[in-house]
Amino acid sequence: MDVSALAQSVNGPVYRPGDEGYAEEVAAFNLSRQHTPDVVVAARSADDVAAAVRWAGEHALPVGVQATGHGAVLPITDGVLVSTRGLDEVTIDPVRRTARVGAGVKWRRVLDAAAEHGLAGLCGSTSDVGVVGYTLGGGLPVLGRKYGFSSDRVRSFDVVTGDGQLHHVEAGDGTELDWALRGGKGNVGIVTSMEVELLEIADLYGGAIFWPGALAPTLLTVFAEWVDTLPDEFSASISLLRLPPLPEVPAPLRGQFTVHLRIAYLGDDAEGERLLAPMRAVAPPMIDMVGRMPYAELDRIHMDPEHPVPFEEGGTLLRELGPDTIEAILEQAGPDAQCPLLLVEVRLLGGALAGDRTDAVSGRDAPYSLFAVGALMPPIAEAVPGAIRAVVGAMAPWSTGGTMVNFHGVPGDDADRARAWSAPTFERLQRAKASYDPANLLRFGHAVPALDPA
Ligand SMILES: Cc1cc2nc3c(=O)[nH]c(=O)nc-3n(C[C@H](O)[C@H](O)[C@H](O)COP(=O)(O)OP(=O)(O)OC[C@H]3O[C@@H](n4cnc5c(N)ncnc54)[C@H](O)[C@@H]3O)c2cc1C
């Protein structure tokens, strides 16, 4: 393959397999997914992205995109990988309360830069994910019940569509692009930068509490009743957690089965304590790290892995969390289960996440999300995919049948991919894709199938 014309048309480096720099550029946070594209373009500008997409189109090659590899659900096996890591602009406008964010930027940099002005962006459970990749999937923030999905706060996108054209898309401009970029993942194009709204949040009452896993039945039962009493300012999730016996895991949790409650409350400490009291009353915790904390330290709530790991994940949206649902969760991942999964979590949705906004975000119709993750490490690696299928499958009687694309896990056949959106949204996304990516170049990851030409 002759990439000299491509290399001359872009500012960033172009790598072929075997080149120095190739392995580093394709490496994903999810170590179980090894990308092996024919060409990597390490983009340094929106023009680089456009040139890469046009070149791929001329050579009929598929195009993938990666910032961090947190969402590397499937390997990119051929074609062109556009690496956005070099699109690293972060500009805070404290007067307009916005951040302009390049496609390669992780939340950590935005949180730190915004915090200098007492401002905050709608980050999810970890600041290590890419702002753009996360937001294109809707982006479920820790404070979502109060402020909605991250994509609800995007002011504008700069995007190279699958036909190689550059567009500037303003929020609410009525275009299909604006609609499809809010929750439609990377289906219509490669976003090169975004402008997002920032909020005046300096700190919150929140953190993590851990109990011994034997208490899981009581804790899940109390959790299900308790969450009904919470205002939208209070976000909560609960996880059945089995951390491996590795030295880097803190001693009380190492190799143990525990229950991990994660909370974030936008209010004063006294009211936070009062609202949290029913959970604290269940039993004395092993660890209680709830208190006032700077917003920029919100990684302390979920305590997601900070370093690359091999993993697989899967999820579904729940209509209810009744006693039967809890029993089914416990059967799969409770104290008596031989469960190989790192975590099985239930997140409370609702509040500002619900509602009838017109966009491609899924999850607005469900009060809970169930999500399961397993480490693909010996000796349990082989058991993980089946255990994820089992726990998600066991939720069928209470599931909406749908998923949020950021929590979907490995995309399967067309019917499985369709579960990440409602049926009308999926069809509209397919039509948008047909118009902005007519050659179906963007067909990796959570790509919707191309429309039948007939
Ligand atoms: C530990 C962990 C915690 C998480 N917590 C949350 C959470 O709380 N809330 C939540 O909503 N999600 C969460 N996620 C899911 C995460 O938002 C998705 O995996 C997201 O895709 C990560 O984006 P990325 O750019 O970091 O990853 P990448 O693997 O680099 O990208 C993943 C995909 O995003 C798309 N994409 C990325 N960049 C672009 C671009 N510039 N243009 C077009 N498409 C692009 C592509 O489809 C790409 O394949 C979590 C994931 C992990 C691993």
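Being a predicted model, the structure only gives us computed values, none of them experimental. (Residues numbered from 1 in each chain as written. Predicted model: local features only at pLDDT ≥ 70, side-chain atom pairs only at ≥ 80, totals over all residues.)

1. Concerning helix α8 (residues 216-226)
Inference 1: Within α8, burial applies to Ala216, Leu219, Leu220, Phe223 and Trp226. Within α8, the buried residues cover an arc of 130° as seen down the axis, which keeps them to one side.
Inference 2: Structurally, α8 contributes buried residues whose contacts are with β10 (203-212), β11 (234-242), β12 (257-265), α9 (269-280) and α11 (323-333). (Buried ≥ 20, exposed ≤ 12 C-beta atoms within 10 Å, placed from the backbone. Helix = DSSP H or I, 4+ residues; strand = E, 2+ residues; numbered from the N terminus. Arc of directions from axis to C-beta. Contact = placed C-beta atoms within 7 Å.)

2. Things to note about the sheet that holds strand β4 (residues 80-83)
Within a sheet, each strand pairs with its neighbour through backbone hydrogen bonds, oriented either parallel or antiparallel.
Inference 1: Taken in spatial order, the 4 strands line up as β1-β2-β4-β3 in an open sheet, and their pairing is mixed. A single partner strand is all that each edge strand has here, and the edge strands are β1 (14-15) and β3 (63-66).
Inference 2: Pairing of β3 with β4 involves 4 bridges; the strand directions are parallel. What sits directly across from Val65, in β4, is Val82.
Inference 3: Sitting on the sheet, helix α3 (residues 46-58) is in contact with β2 (39-42), β3 and β4, with an inclination near 175° to β4. (Pairing = 2+ DSSP bridges. Axes fitted to C-alpha atoms, helices over the stretch in contact; angles between N-to-C directions.)

3. Some words on the domain arrangement of the protein
Inference 1: When the domains of the protein are assigned, the result is domain 1 (4-83), domain 2 (90-197) and domain 3 (203-407).
Inference 2: A straight line from the C-alpha centre of domain 1 to that of domain 2 covers 22 Å.
Inference 3: Each partner contributes residues to the interface: domain 1 has 12 residues there, and domain 2 has 16 residues.
Inference 4: The leading source of residues in the side of domain 1 that touches domain 2 is α3, at 6 residues.
Inference 5: When the residues that make up the side of domain 1 that touches domain 2 are grouped by side-chain class, the tally is 7 nonpolar, 4 polar and 1 charged. (Domains from an automatic or database assignment. Nonpolar A, V, L, I, M, F, W, Y, C, P; charged D, E, K, R; others polar.)

4. Description of the pairing of strand β8 (residues 166-170)
Inference 1: Note that strand β7 (residues 154-161) and β8 share 5 bridges and pair antiparallel. Paired with Asp158 across the two strands is His168, which belongs to β8.
Inference 2: Connecting β7 to the antiparallel partner β8 that follows it, the hairpin turn spans 4 residues, and Gly164 within it adopts a positive phi of roughly 85°.

5. Here's the deal with the site of the ligand
Inference 1: In the neighbourhood of the ligand, 30 residues make up the surrounding shell, with Gly71, Gly124, Gly130, Gly133 and Gly186 lying closest.
Inference 2: With 4 residues, the single largest contributor to the shell around the ligand is helix α5 (residues 131-136).
Inference 3: Mapped onto the domain boundaries, the shell around the ligand takes at least three residues apiece from domain 1 (4-83) and domain 2 (90-197). (Near = placed C-beta within 6 Å.)

6. Quick notes on the nonpolar core
Inference 1: The biggest cluster of nonpolar side chains holds 145 residues, and the ones touching the most others in it are Val41, Ala52, Val82 and Leu341.
Inference 2: Considering every element that reaches this core, the biggest residue donor is α3, with 8 residues.
Inference 3: When residues no more than four places from it in sequence are discounted, the contact partners of Val82 are Val41, Ala43, Val49, Ala52, Val63, Val65 and Ile190. (Core = buried A, V, L, I, M, F, W, Y, C linked by C-beta atoms within 7 Å.)

7. Quick look at the sheet that holds strand β9 (residues 189-197)
Inference 1: Overall, antiparallel pairing links the 5 strands, which are arranged β5-β6-β9-β7-β8 in an open sheet. At either end of the open sheet lies a strand with only one pairing partner, and these are β5 (90-93) and β8. Each strand axis lies, on average, 15° off the axis of its neighbour in the sheet, ignoring direction.
Inference 2: Seen against the sheet, helix α4 (residues 107-115) touches β5 and β6 (98-102) and runs at an angle of roughly 30° to β5.

8. Quick look at the environment of Leu275
Inference 1: In this structure, Leu275 sits in helix α9.
Inference 2: Taking the C-beta count within 10 Å as the criterion, Leu275 has 20 such neighbours and is therefore assigned buried.
Inference 3: Considering only alpha carbons, one finds Leu275 and Val227, 48 residues apart in sequence, at a separation of 9.7 Å.
Inference 4: Setting aside chain neighbours within four positions, we find Leu275 in contact with Leu230, Phe234 and Tyr265.

9. Here's the deal with the pairing of β6
Inference 1: Most of β6 is tucked away, with 4 of its 5 residues classed as buried.
Inference 2: In this structure, β5 lies alongside β6, joined through 4 bridges in antiparallel fashion. Across the sheet, the residue bridging to Asp93 is Thr98, located in β6.
Inference 3: Counting the residues between successive antiparallel strands, the hairpin from β5 to β6 contains 4 residues, one of them, Arg97, with a positive phi of roughly 55°.
Inference 4: When β6 meets β9, the two strands line up antiparallel, connected through 5 bridges. Bridge assignment links Ala99 to a residue of β9, and that residue is Val196.

10. Considering α11
Inference 1: What α11 keeps buried is the set Thr325, Ile326, Ile329, Gln332 and Ala333. With its buried residues spanning 125° around the axis, α11 presents them on a single face. The exposed set on the far side of α11, more than 90 degrees from its buried face, consists of Pro323 and Asp324.
Inference 2: In the core, the buried residues of α11 are packed alongside α8, β11, β15 (311-318), β16 (343-348) and α12 (384-394).

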